[in-house]
Amino acid sequence: MILVRNILVTILVVMVFSRCKNKQEKQKPISDVVMTDYYTEPYRPQFHFSPEENWMNDPNGMVFHKGVYHLFYQYYPEDIVWGPMHWGHATSKDLVHWEHKPIALFPDEHGLIFSGSAVVDFANTSGFGTLDNPPLVAIFTYHLMEGEKAGRDDFQTQGIAYSTDNGNTWTKFDGNPVIKNDGLKDFRDPKVFWDEKSHQWIMSVVAGDHLELWGSSNLKEWAKLSEFGKDKGAHGGVWECPDLFPLKVEGSEEEKWVLLISINPGAPNGGSGTQYFIGEFDGERFTTEQTETKWLDWGTDNYAGVTYNVLPQDYHGNTYANDPKQDRIFIGWMSNWTYARDTPTQKWRSAMTVPRKLSLKKISDAYELVNYPIQGIEALVANGVKKDIELQNGLEETIFFDDLNQSEIRFQTVARDFKVKLQNTLGEETVLTMIDEEKVFYLDRTNSGKVDFQEDFASIQEMPIPFLPEVYEVRILVDQSSVEVFINEGQYVMTAQIFPSERYTKLSFLNSSEAPITLNNFRLSSIQGTW
Ligand code: FRU
């Protein structure tokens with residue numbers, strides 16, 4: 001009897017103990033739970049930059065300094081809609097993992113802090129630092145709300161601020177504004193670089209329907225050099241966020257100058273978009289023979305993008321390490337003013353594109369600006385499916401993949417007529433279609449998920465693809481609320497936001513041509529989150 005009782009007690013103790021143990025194992029320490037909840041809200045991008053909370057628009061002040069990439073951005077810290085602009089701040093060592101920093105620039109008596117750029121003043125031309133500790137100088141637009149409300153036309157001026165502690169704290173110049181306004185309603189978004197040839201700082205700044213170039217020896221005193229563009233390019237809206245820089249034509253020693261101009265509205269698929277010009281810059285004037293309007297990205301969600309300056313290694317006799325690869329890297333705001341304020345996120349609004357390397361190619365006798373994800377993105381690509389897909393005409397192949405909303409889809413092909421569908425179990429889908437006869441690529445998000453938060457969001461976007469080589473790559477980066485499509489390594493690019501009500505888990509390919517097609521080296525991979 002006693003033996004039976006003892007056995008029963010032992011069994012009970014073991015059972016209770018093992019339950020406790022299981023419970024303990026299942027229960028994660030609080031800190032862990034907090035960590036894993038971070039950046040997991042619905043639609044939260046997992047490998048794109050987004051602010052921790054509240055409203056963000058344009059990337060600003062992109063500068064590389066002492067091994068650190070700085071990203072500032074238009075930020076309103078009190079709401080998830082646009083409001084009085086500050087410069088938010090984040091840093092990264094690889095452009096892929098970001099660390100949030102305190103707000104860098106706050107509005108002051110001259111106005112709100114609109115878009116602009118930042119430079120390392122290596123030779124301390126401004127005198128804000130020393131030669132041993134050169135200052136970072138930010139150049140931005142002041143927007144004086146009171147002036148705008150009073151109906152004046154001189155409320156946008158250019159100001160500067162500096163940091164001598166690697167961007168941690170910023171002091172506004174007491175002589176601000178450094179460029180006043182003589183009556184230009186839209187006069188903004190200064191992008192500054194050092195031009196070794198003319199030995200001065202050059203500022204590109206937009207003035208409504210054209211670009212102005214200004215020069216300075218010390219970042220404080222500026223003189224207007226020239227104008228460009230009243231009769232060039234697209235003019236369906238106001239010009240914004242210029243960027244002027246040289247690029248070598250791939251495979252040659254030829255150098256051309258590239259001018260990026262964002263325009264809103266007037267983009268090819270509606271609302272905001274970025275056009276570019278290829279031409280020459282002589283230290284004073286930008287000129288181009290280009291007659292057609294060229295677009296950096298045909299999707300609706302890549303706006304106000306600019307680049308990190310690349311400095312010659314021997315800049316002022318200095319050997320400060322700049323971006324070691326000397327690549328020209330671009331980041332855009334992944335939204336569109338048409339609906340930016342309405343997208344269905346709760347805690348924050350909008351994200352940046354993945355950083356993209358810009359290159360210049362000569363294709364069919366024309367210069368084309370190509371943009372393609374930086375190599376750092378490859379390091380995030382994790383396990384997945386690898387195979388060659390052969391498809392008879394009219395047939396569809398479907399792959400189920402839980403991580404489709406955080407994935408890379410990649411293949412090479414000669415096919416010219418096919419569809420790629422990303423779907424969820426609710427029947428929502430984002431559909432990509434290539435049609436050879438039209439030489440057009442379509443991105444259809446009319447039934448992609450939540451689309452009715454604004455009347456223009458549910459769109460079918462079109463991209464002409466006139467000069468595809470015979471074999472080309474299709475690469476698609478999908479995050480929780482975005483799709484970025486790169487055709488032929490960035491020759492043709494589309495970026496679009498999507499808001500599926502439930503994750504996409506099904507990927508289908510339809511061969512819509514008359515002949516069998518092959519998707520070579522097909523890879524569908526998860527992408528590791530960076531937050
Ligand atoms: C572009 C833009 C800029 C301006 C900023 C204001 O998206 O309109 O021209 O400086 O946003 O937030």
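Above this note sits the structure.
What comes next is a walk through the structure. Remember, predicted model here, so these are calculated numbers, not experimental data. (Residues numbered from 1 in each chain as written. Predicted model: local features only at pLDDT ≥ 70, side-chain atom pairs only at ≥ 80, totals over all residues. Heavy atoms only, no water.)

Side note on the overall build of the protein
Okay, step 1: Each helix and strand in the protein was counted, giving three helices and 34 strands.
Okay, step 2: Expected size for 531 residues packed as a compact globule is a radius of gyration near 24 Å; at 26 Å, the protein falls within 12% of this value.
Okay, step 3: A burial count over the protein gives 58% of its 531 residues as buried.
Okay, step 4: In the protein, the share of contacts with a sequence separation of at least 24, taken over all contacts with a separation of at least 6, comes to 63%.
Okay, step 5: Within the structure as shown, the protein displays about 22400 Å² of accessible surface, and the carbon and sulfur contribution to it stands at 51%.
Okay, step 6: Considering the protein, the positive charge centre built from 48 side chains and the negative charge centre built from 76 side chains are found 6 Å apart. (Helix = DSSP H or I, 4+ residues; strand = E, 2+ residues; numbered from the N terminus. Rg over C-alpha atoms; globule rule 2.2 N^0.38 Å. Buried < 20%, exposed > 50% of the residue type's maximum accessible area, 1.4 Å probe, protein only. Contact = heavy atoms within 4.5 Å. Areas by Shrake-Rupley, 256 points an atom, 1.4 Å probe, with all protein chains shown as cover. Lys, Arg positive; Asp, Glu negative; His and termini not counted. Charge placed at Lys NZ, Arg CZ, Asp CG, Glu CD.)

So, the packing of aromatic side chains
Where two aromatic rings form a pair, the distance of their centres and the angle of their planes describe that pair.
Okay, step 1: Within this structure, the stated rule accounts for 36 aromatic pairs.
Okay, step 2: Judged by centre distance (6.0 Å) and plane angle (85 degrees), the ring pair of Tyr 372 and Phe 486 falls under edge-to-face. Taken together, the residues span a long stretch of sequence, with Tyr 372 in strand E22 (residues 366-373) and Phe 486 in strand E31 (residues 482-487) at a distance of 114 residues.
Okay, step 3: Between Phe 411 and Phe 418, the aromatic rings sit 6.1 Å apart at their centres with planes inclined by 75 degrees, giving edge-to-face as the arrangement.
Okay, step 4: For Phe 411, a relative accessible area of 0% corresponds to the buried category.
Okay, step 5: Assessed through its relative accessible area of 3%, Phe 418 is described here as buried.
Okay, step 6: Among the aromatic side chains, those forming a connected cluster through ring pairs are Tyr 38, Tyr 39, Phe 49, Tyr 73, Tyr 75, Trp 98 and Trp 531.
Okay, step 7: It is Lys 220 that lies over the ring of Phe 128; its NZ or CZ is 4.8 Å from the centre.
Okay, step 8: Seen from the ring of Phe 457, Arg 445 lies directly overhead, with NZ or CZ sitting 3.7 Å from the centre. (Phe/Tyr/Trp six-rings, centres within 6.5 Å; stacked < 30°, edge-to-face > 60°. Lys NZ or Arg CZ within 6 Å of the ring centre and 35° of its normal.)

Digging into the sheet that holds strand E19 (residues 329-333)
Okay, step 1: Read from one edge of the open sheet, four strands run E18-E19-E21-E22, paired in antiparallel fashion. In the strand order of this sheet, the two ends are held by strand E18 (303-307) and E22, each with one partner. Between one strand and the next, the sheet's axes are offset by a mean angle of 40 degrees, whatever the strand orientation.
Okay, step 2: Two elements, strand E21 (residues 356-363) and E22, share eight bridges in a ladder whose sense is antiparallel. Opposite Leu 360, over in E22, you have Leu 369 as the bridge partner. (Pairing = 2+ DSSP bridges. Axes fitted to C-alpha atoms, helices over the stretch in contact; angles between N-to-C directions.)

Observations concerning the pairing of strand E12 (residues 223-228)
Okay, step 1: Of the pairings in the sheet, the one linking strand E11 (residues 211-216) to E12 comprises five bridges and is antiparallel in character. The partner of Gly 215 across the bridge, within E12, is Ala 223.
Okay, step 2: Connecting the antiparallel pair E11 and E12 is a turn made up of six residues, with Leu 219 showing a positive phi of about 70 degrees.

Notes on the site of the ligand
Okay, step 1: Near the ligand you find Asn 57, Asp 58, Gln 74, Trp 82, Met 85, Phe 114, Ser 115, Arg 188, Asp 189, Glu 240, Tyr 303 and Trp 337, and these make up its full shell.
Okay, step 2: Within the side chain of Glu 240, an N or O atom sits 2.9 Å from an oxygen atom of the ligand.
Okay, step 3: A distance of 2.8 Å separates an oxygen atom of the ligand from a polar atom in the side chain of Trp 337.
Okay, step 4: Of the residues assigned to the shell around the ligand, the class counts are five nonpolar, three polar and four charged. (Near = heavy atom within 4 Å. Polar contact = N/O pair within 3.5 Å; in protein donor to acceptor, adjacent residues only side chain to side chain. Nonpolar A, V, L, I, M, F, W, Y, C, P; charged D, E, K, R; others polar.)

A word on the pattern of salt bridges
Okay, step 1: If you walk through the whole model with that rule in mind, you get 30 salt bridges.
Okay, step 2: Here Arg 410 and Glu 408 are joined by a salt bridge, their closest N and O atoms 3.5 Å apart. Like Arg 410, the residue Glu 408 is buried in the burial classification.
Okay, step 3: Residues joined in a network through salt bridges with shared partners are Glu 378, Glu 408, Arg 410, Glu 473 and Arg 475. (Salt bridge = Lys/Arg side-chain N within 4 Å of Asp/Glu carboxyl O.)

Observations regarding the pairing of strand E15 (residues 273-281)
Successive side chains on a regular strand alternate, one facing one side of the sheet and the next facing the other.
Okay, step 1: For E15, a buried count of eight out of nine residues is recorded, marking the element as mostly surrounded by other parts of the structure.
Okay, step 2: Alignment of E15 against strand E17 (residues 294-295), held across two bridges, turns out to be antiparallel. When the bridges of E17 are listed, Gln 275 appears paired with Trp 295.
Okay, step 3: Taken together, E15 and the strand that follows it, strand E16 (residues 286-287), pair antiparallel across an intervening segment of four residues, in which Gly 283 is found at a positive phi of about 95 degrees.

Quick look at the environment of Asn 488
Okay, step 1: Looking at where Asn 488 falls in the secondary structure, it is placed in the loop between E31 and strand E32 (492-497).
Okay, step 2: In this structure Asn 488 comes out as buried when scored by relative accessible area, which is 18%.
Okay, step 3: In this structure, the C-alpha to C-alpha distance between Asn 488 and Tyr 372, residues 116 residues apart in sequence, is 9.4 Å.
Okay, step 4: The contacts of Asn 488, once residues within four sequence positions are left out, are Leu 468, Pro 469, Tyr 472 and Glu 473.

Regarding the nonpolar core
Okay, step 1: Ranked by size, the top nonpolar core spans 54 residues in total, and within it Ile 409 and Phe 509 carry the most contacts.
Okay, step 2: Two domains each put at least three residues into this core: domain 1 (54-372) and domain 2 (381-526).
Okay, step 3: Excluding residues within four positions of it along the chain, Phe 509 makes contact with Ile 389, Leu 391, Leu 395, Glu 396, Glu 397, Ile 409, Phe 411, Lys 419, Val 420, Leu 519 and Phe 522. (Core = buried A, V, L, I, M, F, W, Y, C linked by side-chain atoms within 4.5 Å. Domains from an automatic or database assignment.)

Structural notes on the side chain of Lys 256
Okay, step 1: Checked against the element boundaries, Lys 256 lands in strand E14 (residues 255-264).
Okay, step 2: Within the local environment of Lys 256, its side chain forms a polar contact with the side chain of Glu 280, the two groups lying 2.5 Å apart.
Okay, step 3: With residues up to four places along the chain from it excluded, the contact list for Lys 256 reads Phe 245, Pro 246, Leu 247, Val 249, Ile 278, Gly 279, Glu 280, Leu 360 and Tyr 367.

Side note on the sheet that holds strand E26 (residues 418-423)
Hydrogen bonds along the backbone pair up the strands of a sheet, which may run parallel or antiparallel.
Okay, step 1: One open sheet holds the six strands; their spatial order is E24-E33-E26-E27-E28-E29, and the pairing between them is antiparallel. Bordering the open sheet on either side are strand E24 (396-400) and strand E29 (460-464), each of which pairs with just one other strand. Mean inter-strand twist for the sheet, computed between neighbouring axes without regard to direction, equals 15 degrees.
Okay, step 2: Bridge analysis of strand E27 (residues 429-435) against strand E28 (residues 440-444) gives five bridges, and the strand direction is antiparallel. Residue pairing for E28: Met 434 is matched across the bridge by Phe 441.

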